[in-house]
Amino acid sequence: LEDVLATVVDACINVTGTDRGFIFLRNQKGELELRVGRDKTRRSLQAGDFQGSLSVIQDVGKGQQDIIVTNSMADERVSQRQSVVGLDLRTIICLALRRLPTVDRLESTMTGLLSEVLGVIYLDSRLSTQPFSDTDRQVLRSLALEAANVIENARLFNAARAKEQLDQQLAIARTIQQALLPKSFKRYRSFQVTGLVIPCLEVGGDYYDLIEMPDGRLACVVADV
């Protein structure tokens, strides 16, 4: 995933002419966490290398409007932000990485609800760039959409792999559990005993057995373990 996201960041830097770019993704706590950072020389950047507008990232991550600014001093959305002024950032681009709605979510999306924001891609530069054309903006949004698709596919793949591993573990547990149950019972003159467990899922908690006691009596065991 990181390799593909790095390729997306490199492409965005190439399109925008910015100095560096970062992708933040939501972690299990729902917080935006840096996953990939790159500069215009395609050098990888770490979390400690990030110096940018966290407030812009947080705003876009909350589902607010994407920000594409080529002259920060002339745009009131970012001109007064402390980090922008302190770092003398002129070009700031921040796009939400949105998961496309599935069929079961299409109705809610059509009623005006935004699709889920998986993260953001953030790019900046200390130099002002030429205003982006409609084509440039479309390319940027297409790259953001592709990044979101990559993230979603990676999550689905990991979930499928985790389910496969769980299924294998449950199959092993089922084999062990079935081995603990008696395969058959001794035939007696006056009666016959048989038993069967059909678990709802791969494994269950039911157990049975028939035990011959030293005094000749039989102990019947039926338990939920």
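Above: the structure in question.
Residues numbered from 1 in each chain as written. Predicted model: local features only at pLDDT ≥ 70, side-chain atom pairs only at ≥ 80, totals over all residues. Heavy atoms only, no water.

### Details of the pattern of salt bridges
Argument step 1. Under the definition given, this model contains eleven salt bridges.
Argument step 2. Its salt-bridge partner being Arg90, residue Asp88 comes within 3.1 Å of it at the nearest N-O pair.
Argument step 3. The class of Asp88 is partly exposed, set by a relative accessible area of 35%.
Argument step 4. Overall, Arg90 belongs to the partly exposed group, its relative accessible area being 26%. (Salt bridge = Lys/Arg side-chain N within 4 Å of Asp/Glu carboxyl O. Buried < 20%, exposed > 50% of the residue type's maximum accessible area, 1.4 Å probe, protein only.)

### A look at the layout of surface pockets
Argument step 1. Taken as a whole, the largest pocket holds about 240 Å³ of empty space.
Argument step 2. Lining the largest pocket are Leu1, Leu25, Arg26, Asn27, Gln28, Glu33, Arg35, Ile151, Ala154, Arg155 and Asn158.
Argument step 3. Going through the elements one at a time, strand 1 (20-26), strand 2 (32-39) and helix 5 (134-180) are the ones with two or more residues in the lining of the largest pocket.
Argument step 4. For the lining of the largest pocket, the element with the most residues is helix 5, which contributes four residues. (1 Å grid on protein atoms, 1.4 Å probe; cavity = no way out; pocket = protein on both sides within 12 Å on 5 of 7 lines; lining within 4 Å. Points joined across faces, edges and corners; volume = space filled by probe spheres on them. Helix = DSSP H or I, 4+ residues; strand = E, 2+ residues; numbered from the N terminus.)

### Focus on a nonpolar patch on the surface
Argument step 1. Residues Ile172, Ile176 and Leu180 make up a contiguous nonpolar surface patch of roughly 320 Å² in combined accessible area.
Argument step 2. Turning to its location among the elements, Ile176 is positioned in helix 5. (Patch = residues over 30% accessible without salt bridge, like charges linked within 9 Å, V, L, I, M, F, W, Y side chains within 5 Å. Areas by Shrake-Rupley, 256 points an atom, 1.4 Å probe, with all protein chains shown as cover.)

### Focus on the packing of aromatic side chains
The description of an aromatic ring pair rests on the distance of the ring centres and on the angle between the ring planes.
Argument step 1. This model, assessed by the stated rule, comprises five aromatic pairs.
Argument step 2. Their ring planes at 80° and their centres at 5.4 Å tell us that Phe24 and Phe50 sit as a pair that is edge-to-face. In this pair, Phe24 sits in strand 1 while Phe50 sits in the loop between strand 2 and helix 2 (54-61), placing the two residues 26 residues apart along the sequence. For the residue pair Phe24 and Phe50, the accessibility class agrees, reading buried in each case.
Argument step 3. Their ring planes at 15° and their centres at 4.9 Å tell us that Tyr188 and Phe191 sit as a pair that is stacked.
Argument step 4. Counting every residue linked through ring pairs, the aromatic cluster contains Phe22, Phe24, Phe50 and Tyr122. (Phe/Tyr/Trp six-rings, centres within 6.5 Å; stacked < 30°, edge-to-face > 60°.)

### Brief notes about helix 2
Argument step 1. Val56, Ile57, Asp59, Val60 and Gly61 are the residues of helix 2 that are buried.
Argument step 2. The elements touched by buried residues of helix 2 are strand 1, strand 2, strand 3 (67-69), strand 4 (91-98) and strand 5 (117-125).
Argument step 3. Note on helix 2: the residue one or two positions beyond its end, Gly63, has a positive phi of about 95°. (Contact = heavy atoms within 4.5 Å.)

### A short note on the side chain of Asp124
Argument step 1. The topology assignment puts Asp124 in strand 5.
Argument step 2. A polar atom in the side chain of Asp124 sits 2.7 Å from the side chain of Arg20.
Argument step 3. Among the polar contacts listed, one links the side chain of Asp124 to the side chain of Tyr122, at a separation of 2.8 Å.
Argument step 4. Among all residues touching Asp124, those that are not within four sequence positions of it are Thr18, Asp19, Arg20, Gln51, Gly52, Leu89, Thr91 and Ile92. (Polar contact = N/O pair within 3.5 Å; in protein donor to acceptor, adjacent residues only side chain to side chain.)

### Examining the pairing of strand 1
Argument step 1. When you tally the buried positions in strand 1, you get six out of seven residues, the bulk of the element.
Argument step 2. The pairing of strand 1 with strand 2 spans seven bridges and is classified as antiparallel. Counterpart to Phe22 in the pairing with strand 2 is Gly37.
Argument step 3. Hairpin remark: strand 1 followed by strand 2, antiparallel, with five residues in the connecting loop; positive phi at Gly30, about 85°.
Argument step 4. Note that strand 1 and strand 5 share six bridges and pair antiparallel. The partner of Ile23 across the bridge, within strand 5, is Ile121. (Pairing = 2+ DSSP bridges.)

### Examining the sheet that holds strand 3
Argument step 1. Taken in spatial order, the five strands make up an open sheet running 2-1-5-4-3, and their pairing is antiparallel. Edge positions in the sheet fall to strand 2 and strand 3, since each has one partner strand and no second. Each strand axis lies, on average, 20° off the axis of its neighbour in the sheet, ignoring direction.
Argument step 2. Where helix 5 meets the sheet, it contacts strand 1, strand 3, strand 4 and strand 5, and its direction lies at approximately 40° from that of strand 4. (Axes fitted to C-alpha atoms, helices over the stretch in contact; angles between N-to-C directions.)

### Remarks on the pairing of strand 4
Two faces, one strand: in a regular strand the side chains alternate between the faces of the sheet.
Argument step 1. Across the eight residues that make up strand 4, a large majority, seven, are buried.
Argument step 2. Bridge count between strand 3 and strand 4: three bridges; the pairing is antiparallel. Looking at the pairing, Ile68 lines up with Ile93 of strand 4.
Argument step 3. The sheet contact formed by strand 4 and strand 5 spans eight bridges and is antiparallel. When the bridges of strand 5 are listed, Ile92 appears paired with Asp124.

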